[in-house]
Amino acid sequence: MNHALHALCLSLLLNGCATTTSYPPAAAPAAEALLSEQRYAEAAQAFSDAATGEARGRDGLRLRAAEAWLAAGDTEAARGALAQVTSRTLAPADNARRALVLAELALHDGDAEAALTQLTPSGQALPPALVLQRQRLRAQALERTGAAFAAARELAAIDRLVPAAERSANRVRIADLLTGVDSDSLRTQGAMLPSDDALRPFVNRALNVRGLSSLPRRAGAPDAALDTARLLAADGYRPVQRLALLLPLSGPLAGAGRAVLDGVLAAHFQESRARPQLLLYDSQGTTEGVESAYTQAEAAGAERVLGPLDRDSVAALFARERPTLPILALNRGTVPPPPGSVSFTLAPEDDAVAAAERMIDKGLLRALVVGTADEQSRRAVDAFVQHYTQRGGEVLARAQVPESEPNYGPMLKPLFGAAGGGPGADDKVLLAGNHDAVFIALKAPQARLLVPQLAASGFDQRPIFATALIVSGSGDLRLDRELEGIEFPEFPWLLGATDALPESERLAHTLPSARGSSARLFGFGADGYRLSAYIEQLQRNPGAWLAGATGMLRVDGFGNVLRQPAWATFSGGRMRAVPEAALESQPAIPDAQAP
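Conventions adopted
Along each chain, the written sequence defines residue order, and numbers are assigned to residues from 1. Where local features are concerned, this predicted model is filtered to residues with pLDDT of at least 70; where side-chain atom pairs are given and counted, the filter is 80 or more; whole-chain, interface and lining totals use all residues. Where side-chain values are given, they derive from all heavy atoms of the structure, hydrogens and water being excluded. Partly exposed residues are those whose accessible area sits between 20% and 50% of the maximum for their type, while under 20% is buried and over 50% is exposed, using a 1.4 Å probe and protein chains only. Secondary structure elements follow DSSP: runs of H or I no shorter than four residues count as helices, runs of E no shorter than two count as strands, and numbering proceeds from the N terminus. DSSP-based pairing: two strands are paired if at least 2 bridges between them are found. Crossovers are described as right-handed under a simple rule: with the strands pointing away from the observer, the path leading from the first strand over the helix to the second runs clockwise. Whether two residues are in contact is decided by their heavy atoms, any of which lying within 4.5 Å being enough. A fitted line through C-alpha atoms serves as each axis, taken over the contacting stretch for helices, and the angle formed by two N-to-C directions is quoted from 0 to 180°. Under the pairing criterion, centres of Phe, Tyr and Trp rings, with the six-membered ring standing for Trp, must be within 6.5 Å; the plane angle then separates stacked pairs below 30 degrees from edge-to-face pairs above 60, leaving the rest tilted. The working definition used for a salt bridge is a side-chain nitrogen of Lys or Arg within 4 Å of a carboxyl oxygen of Asp or Glu. Residues belong to a common nonpolar core when they are buried Ala, Val, Leu, Ile, Met, Phe, Trp, Tyr or Cys residues joined through side-chain atoms within 4.5 Å. Orientation categories follow fixed angle ranges, with anything under 35 degrees roughly parallel, anything over 145 roughly antiparallel, 65 to 115 roughly perpendicular, and all other angles oblique. For any pair of crossing helices, the crossing counts as left-handed if the nearer helix is rotated counterclockwise from the farther one by less than a right angle, and right-handed if it is rotated clockwise. When residues are sorted by character, Ala, Val, Leu, Ile, Met, Phe, Trp, Tyr, Cys and Pro go into the nonpolar class, Asp, Glu, Lys and Arg into the charged class, and all the rest, Gly among them, into the polar class.

Draft legend 1. Quick look at the pairing of strand E1 (residues 242-247). E1 sits mainly inside the fold: 5 of its 6 residues count as buried. As paired strands, E1 and strand E2 (residues 277-282) are joined by 6 bridges and run parallel to one another. Paired with Leu247 across the bridge in E2 is Asp282. For the segment spanning E1, helix H14 (residues 254-270) and E2, crossover handedness is right-handed. Two elements, E1 and strand E3 (residues 304-306), share 3 bridges in a ladder whose sense is parallel. Residue Ala244 lies in a different strand from E3, and its bridge partner there is Val305.

What follows is the structure, encoded as structure tokens:
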């Protein structure tokens with residue numbers, strides 16, 4: 001994954017959170033470049049100039065100018081730019097960013113109450129990186145109103161999400177705020193905190209510094225009753241209090257790990273109900289790194305693990321003699337999940353099995369199969385052949401086409417004969433029509449070459465089904481017309497067919513990791529997070545489904561998360577949803593099965 005993806009938005013959670021964190025409008029690349037170089041005043045002027053000549057997105061550019069002027073320290077220029085913004089034309093995420101600018105201006109004017117009015121409690125429309133900024137602004141505003149304890153709680157809530165380089169300063173700031181609270185108030189307000197509140201350790205430390213005893217441990221029964229009422233929703237939603245994220249944030253898998261993390265955080269901050277405290281650890285993409293991260297999570301009191309990503313690390317955790325924490329692995333290992341743990345993956349085999357089921361359900365029982373030497377393609381082809389034949393289908397022939405050679409003719413000849421093509425009576429050539437469908441595990445460039453060559457080689461037109469590999473290399477409207485009618489499994493979220501996440505196009509404008517090749521990892525991370533809150537319900541009720549960004553999700557009896565995708569097709573060179581009655585009518589988790 002391109003490292004440039006991590007220079008903006010959510011990656012700032014790990015690399016430092018700037019004041020002006022947003023998306024780069026296509027109309028102002030030069031302004032964005034200036035901003036990235038911290039030439040804030042020049043960037044602000046460039047955004048203003050771009051807004052003058054740009055009709056579409058003008059208000060977004062003016063908002064960017066206001067943010068840049070703030071970063072430059074020119075509050076009056078920021079005020080002037082913001083005054084030209086029409087809020088009703090902004091998307092919800094942009095309006096939330098506008099509220100941050102208004103809050104900063106209010107704080108500059110000494111009006112803390114006005115700032116708090118702008119800083120709404122949920123902040124759901126903000127990208128996660130800007131949620132850190134919002135929390136810090138709330139802390140400033142609360143401190144100025146005399147609510148030092150509440151200000152400290154705002155900072156404690158984000159302490160584990162603050163970039164490592166800034167965490168020490170954040171904790172010093174929390175301690176300073178608590179220093180301003182008298183001992184009686186500190187103990188009284190501290191005793192009212194939930195037992196899992198992130199501020200409690202800071203309060204205990206402040207009390208101990210004063211020679212006072214720590215807060216009494218809250219009785220188990222009242223807390224348990226409170227948690228049941230707070231956490232147990234009618235649809236089976238029951239998050240743990242501490243969720244450990246074991247993701248590769250360094251090493252060769254760091255790009256994938258950060259895209260998954262972005263999806264996790266997007267789902268986390270979108271959730272309006274009780275949410276777990278997130279404990280983030282770098283698994284480094286190695287077995288040694290994941291073992292160390294797992295040990296740290298145990299010591300920190302985590303109740304469930306989400307991750308890791310690579311197969312070897314998953315296998316290492318699954319093979320532990322006595323894993324104390326249930327694991328929601330984001331891959332499959334070489335050993336099955338231990339009791340209580342599950343694996344969730346976007347493996348190419350899953351797409352192939354889904355394609356085989358779809359073809360069988362449609363009565364397409366004779367197939368030709370085409371793949372490449374690429375590992376993902378080979379795995380998909382093998383899985384398709386195995387599942388398709390087990391379900392009563394017949395693979396007439398399979399071929400492997402080269403990724404670099406454009407002429408597939410020699411490879412198609414065996415398929416042609418197997419599908420009934422060849423010489424007929426009166427020297428007429430019989431078309432290859434003795435097949436019901438074609439299954440391909442190809443990327444878009446190879447699929448574009450294959451389709452016309454099938455027709456030119458004498459194959460009758462038959463339905464073509466693919467894996468999600470076909471999306472790789474697609475996106476050119478003119479070239480993708482060659483893929484007309486091909487069906488492939490796709491995320492409902494990317495087709496606008498689910499509300500598991502905000503609309504993909506809107507997120508893509510704000511978050512680099514929510515667009516392009518990383519969008520699937522983003523949705524995968526979001527579903528991993530949501531699964532962590534429903535996993536007990538899904539394990540108890542094998543027939544229950546959860547509607548996710550990646551598809552309809554359930555857990556089988558072997559600890560595997562099974563995914564029923566949506567289906568897309570190429571039409572006019574564009575990817576469009578294929579209506580799926582089953583997906584539209586299937587309840588997420590039946591109310592009758594709620595605990």
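Draft legend 2. Up close: the sheet that holds E3. With parallel pairing, the 5 strands of this open sheet are ordered in space as E2-E1-E3-E4-E5. Edge positions in the open sheet fall to E2 and strand E5 (342-343), since each of these has one partner strand only. Its contacts with the sheet place H14 against E1, E2 and E3, and it is angled at close to 160° to E1.

Draft legend 3. Region of the structure containing the environment of Gly236. Along the polypeptide, Gly236 turns up in the loop between helix H13 (220-231) and E1. Distance in space between the C-alpha atoms of Gly236 and Gln537 is 5.5 Å, their sequence separation being 301 residues.

Draft legend 4. A look at the packing of aromatic side chains. Within the structure shown, the criterion is met by 7 aromatic pairs. Their ring planes at 20° and their centres at 4.9 Å tell us that Phe384 and Tyr388 sit as a pair that is stacked. Linking Phe384 with Tyr388, this pair stays in helix H18 (residues 375-390), spanning 4 residues, or about one helical turn. The pair Phe384 / Tyr388 is uniform in exposure class, with both members buried. What links up through ring pairs into an aromatic cluster is the set Phe384, Tyr388 and Phe439.

Draft legend 5. Representation of the pattern of salt bridges within the structure. Evaluated as defined, the whole model comprises 27 salt bridges. With a closest N to O distance of 3.9 Å, Arg320 and Glu298 form a salt bridge. You can see Arg320 sitting in the loop between helix H16 (311-318) and strand E4 (327-329) and its partner Glu298 sitting in helix H15 (residues 287-299), a full 22 residues away along the chain. A residue is classified by how much of its surface remains accessible, and Arg320, at 22% relative accessible area, is partly exposed. Ionic pairing is found between Arg563 and Asp351, a salt bridge with its closest N-O pair at 3.2 Å. One end of the pair, Arg563, is in strand E15 (residues 561-564); the other, Asp351, is in helix H17 (residues 348-361), with 212 residues separating them in the sequence. Of the residues examined, Arg563 reaches a relative accessible area of 16% and is grouped as buried.

Draft legend 6. Geometry of the nonpolar core. Ranked by size, the top nonpolar core spans 49 residues in total, and within it Leu330 and Trp493 carry the most contacts. Among the secondary structure elements, those contributing two or more residues to this core are helix H8 (128-144), E1, H14, helix H22 (519-540) and strand E14 (552-555). The element best represented in this core is H22, accounting for 10 residues. With sequence-adjacent residues up to four places away left out, Trp493 is seen in contact with Thr498, Leu501, Pro502, Glu503, Ser504, Leu507, Ala514, Ala519, Phe522, Gly523 and Ala549. In this structure, Ala152, Leu155, Leu199 and Val203 belong to the second largest nonpolar core, which totals 31 residues.

Draft legend 7. Spatial organisation of the packing of helix H2 (residues 29-36) against helix H3 (residues 40-52). At a closest axis distance of 8 Å, the pairing of H2 and H3 adopts a crossing angle of 165°. As the angle between them shows, H2 and H3 are arranged roughly antiparallel. Handedness of the H2/H3 crossing: left-handed. On H3, the residues touching Ala31, Glu32, Leu34 and Leu35 of H2 are Tyr40, Glu42, Ala43, Ala46 and Phe47.

Draft legend 8. Here's a closer look at the packing of helix H11 (residues 183-191) against helix H12 (residues 200-209). H12 packs onto H11 with a crossing angle of 155° between their chain directions and a minimal axis gap of 10 Å. Classified by the angle their axes make, H11 and H12 are roughly antiparallel. Classified by chirality, the crossing of H12 by H11 is left-handed. Of the residues in H12, those touching H11 at Leu186, Arg187, Gly190 and Ala191 are Arg200, Val203, Ala206 and Leu207. When the residues that make up the contact of H11 with H12 are grouped by side-chain class, the tally is 5 nonpolar, 1 polar and 2 charged.

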